[in-house]
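Residue-level listing of the chains:
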Amino acid sequence: MTTERGGGSSDAPIPHSPDAVIAAFEAIPALLARDATLTARGRWLDVDCLLGPSTQPFHITIRAGQIVDMTRAPVLMRSWRFAYRATPAALAAYWQSRPPAGWHDLLALTKRGEATLEGEIHPFMTHLQYFKGLLALPRRTGLGGAS
Amino acid sequence: MTGGFIEPIFGRYVHVEIEGEINRIYFEENGTGIPLVCLHTAGSDARQWRHLLVDEEFTRNYRIIAFDMPWHGKSNPPDSRYGSEYRLTTASYTATIRAFCKALGLDRPVVMGCSIGGRIVLNLAIEHARDFRALIGLEAADFQQPWYDTTWLNRPDVHGGEVCAALVSGLIAPDGPEAARNETLWGYKQGGPGVFKGDLYFYRVDGDLRGRTGGIDVNQCPLYLLTGEYDFSCTPEDTLRTAAGIPGAKATVMERLGHFPMSENPDQFRRYIAPVLQDVIDKQKL
């Protein structure tokens, strides 16, 4: 076999602060409120879910595609239909404007074991592009050197 | 920008007997020279190859042909199969490609396939190498780990087009042209119900080629494998592992590309495929 391979992306996540990742995640409702296209994509979606960094997930209430409540977990006896939780390192990499290969998609992260998808995932699958867009919103805020 | 430009691609239908039944196969072509048959990815159709089909340099030396597999694009299911579950197998896929090439009277064509097309190229190399001038597998490996449950692709309470496109959207490299990304996903939004899932039966269940590729003889038919760095379905590591077991196979990892190189970023793909197509030409002169 002969092999050619250029430089390209590193397989290592970018430097990050876990607190900065949590703060970036907390900005998602405001970012969504300014994104009419993404909100419209979720116009048929009503769901209570658990999303965010694995070290500090959030209970999120979505109605007609809008986040109407976001509260740090745990909340006593609060239920959720599905959960998507990723390591802070994974989110920091995912939020780069040009994420490294293998860290660039929600399901790439689950495949590599950096995120978990649990529960009754029907609303996640019916609105998969919405959730990909929702959880990518912090790319716009410049976390970890993103532009 | 003015309207009225007509692309040099032309499309026709050819009647192809596959496994005892006539299939009306739609194909597009352009160029003259070495026949180059292009195979689309699972759940999409031959429009993915439209940029290659109009490449002025390539079409000076190649008769580039891209066809819609039965059930895909403008190739309908065979008459007897409406209402039945579609399942692509190694045998049926191989038979379809060979029958199509035979129906067009192609003399030892080059075959280039992507994704499932890349996997079947390996099977052509294993079983029918003498029939082909060269084989090119894009996003090809003998096997790769599944990363989602394909039952989500065809159920009445989930929009098939939306979920198919959303799933594969992550396989496109992040900074390619937006229009090309959207066009690539549009193909997935237009697929027939259960067709993507049926293609993946070959990919996930029936087409595991581990343990079989070691017998490929590249002296009979050169084999090129090229995979995008952002493809987390068929990863570069999957392709390099496969190539490592095939003496003489050439493997390349393509930067800034994902699972759909020819459609998601045609200019970037051209940088990688041009030397391969030139190498095939050079080998004809030896």
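These remarks concern the structure in this document. Please read all numbers here as calculations on a predicted model, not as lab measurements. (Residues numbered from 1 in each chain as written. Chains lettered and ligands numbered in written order. Predicted model: local features only at pLDDT ≥ 70, side-chain atom pairs only at ≥ 80, totals over all residues. Heavy atoms only, no water.)

**Re the overall build of chain B**
Then step 1. For chain B, the helix and strand inventory stands at ten helices and eight strands.
Then step 2. For chain B, whose C-alpha radius of gyration is 18 Å, the value lies close to the compact-globule estimate of 19 Å for 286 residues.
Then step 3. Contacts in chain B between residues far apart in sequence, at least 24 positions, make up 74% of those at least 6 positions apart.
Then step 4. Of the roughly 11500 Å² of accessible surface on chain B, a fraction of 49% belongs to carbon and sulfur atoms.
Then step 5. In chain B, which carries 29 positive and 37 negative side-chain charges, the distance between the mean positions of the two groups comes to 3 Å. (Helix = DSSP H or I, 4+ residues; strand = E, 2+ residues; numbered from the N terminus. Rg over C-alpha atoms; globule rule 2.2 N^0.38 Å. Contact = heavy atoms within 4.5 Å. Areas by Shrake-Rupley, 256 points an atom, 1.4 Å probe, with all protein chains shown as cover. Lys, Arg positive; Asp, Glu negative; His and termini not counted. Charge placed at Lys NZ, Arg CZ, Asp CG, Glu CD.)

**Examining the interface of chain B and chain A**
Then step 1. Listed by partner, the interface residues are 36 residues for chain B and 26 residues for chain A.
Then step 2. Summing both partners gives a buried area of about 2500 Å² for chain B against chain A, and 56% of it is carried by carbon and sulfur.
Then step 3. Of all residues in chain B, Trp152, Tyr230 and Phe232 of chain B give up the largest surface area on contact with chain A, accounting jointly for 23% of the area buried on that side.
Then step 4. The interface formed by chain B and chain A contains one salt bridge.
Then step 5. For arginine 98 of chain A, the salt bridge is made with aspartate 175 of chain B, and the minimal N-O distance between the two is 3.3 Å.
Then step 6. Taken together, the elements giving at least two residues each to the side of chain B that touches chain A come down to α5 (160-169), α8 (236-244) and β8 (250-254) of chain B.
Then step 7. No other element matches the six residues that α5 of chain B contributes to the side of chain B that touches chain A.
Then step 8. Along the lines of polarity and charge, the residues of the side of chain B that touches chain A split into 20 nonpolar, seven polar and nine charged. (Buried area = accessible area lost by both parts, 1.4 Å probe. Salt bridge = Lys/Arg side-chain N within 4 Å of Asp/Glu carboxyl O. Nonpolar A, V, L, I, M, F, W, Y, C, P; charged D, E, K, R; others polar.)

**As for helix α7 (residues 195-206) of chain B**
Residues and elements named next belong to chain B.
Then step 1. With twelve residues, α7 ought to run about 16 Å at 1.5 Å a step, and its terminal C-alpha atoms sit 16 Å apart, in line with that.
Then step 2. Those residues of α7 not exposed but buried are Val195, Phe196, Gly198, Asp199, Leu200, Phe202 and Tyr203.
Then step 3. In this structure, the buried side of α7 is in contact with α3 (90-103), α4 (116-127), α5 and α6 (178-189). (Expected span 1.5 Å × (residues − 1). Buried < 20%, exposed > 50% of the residue type's maximum accessible area, 1.4 Å probe, protein only.)

**Digging into unusual backbone geometry**
Residues and elements named next belong to chain A.
Then step 1. Note the cis peptide between alanine 73 and proline 74, where omega equals 0°.
Then step 2. Among the secondary structure elements, proline 74 is positioned in the loop between β4 (66-72) and β5 (82-86).
Then step 3. For methionine 77, which is not a glycine, the phi torsion comes out positive at approximately 60°.
Then step 4. Tracing the chain through its elements places methionine 77 in the loop between β4 and β5.
Then step 5. On the accessibility criterion, methionine 77 (81% relative accessible area) is exposed.

**Observations regarding the pairing of strand β3 (residues 34-39) of chain B**
Residue and element names in this part refer to chain B.
Then step 1. Most of β3 sits out of view: six of its six residues are buried.
Then step 2. Side chains Ile34, Leu36 and Cys38 project from β3 onto one buried face, and the interleaved Pro35, Val37 and Leu39 project onto a second face that is buried too.
Then step 3. Here β3 pairs with strand β4 (residues 62-67) via five bridges, running parallel. In the sheet register, leucine 36 faces β4, and the bridge partner there is isoleucine 64.
Then step 4. Bridge count for β3 against strand β5 (residues 110-114) is four bridges, and the pairing is parallel. Within the sheet, the bridge partner assigned to cysteine 38 lies in β5 and is methionine 112. (Pairing = 2+ DSSP bridges.)

**Overview of the pattern of salt bridges**
Opposite charge on two side chains permits pairing when their charged atoms draw close.
Then step 1. Enumeration according to the criterion identifies 24 salt bridges over all chains in this entry.
Then step 2. In this structure, the salt-bridge partner of arginine 63 of chain A is aspartate 48 of chain A, at a minimum N-O distance of 3.1 Å. Taken together, the residues span a long stretch of sequence, with arginine 63 of chain A in strand β3 (residues 58-63) and aspartate 48 of chain A in strand β2 (residues 46-53) at a distance of 15 residues.
Then step 3. When its relative accessible area of 29% is taken as the criterion, aspartate 48 of chain A is described as partly exposed.
Then step 4. For arginine 133 of chain B, the salt bridge identified is with aspartate 107 of chain B, shortest N-O distance 3.8 Å.

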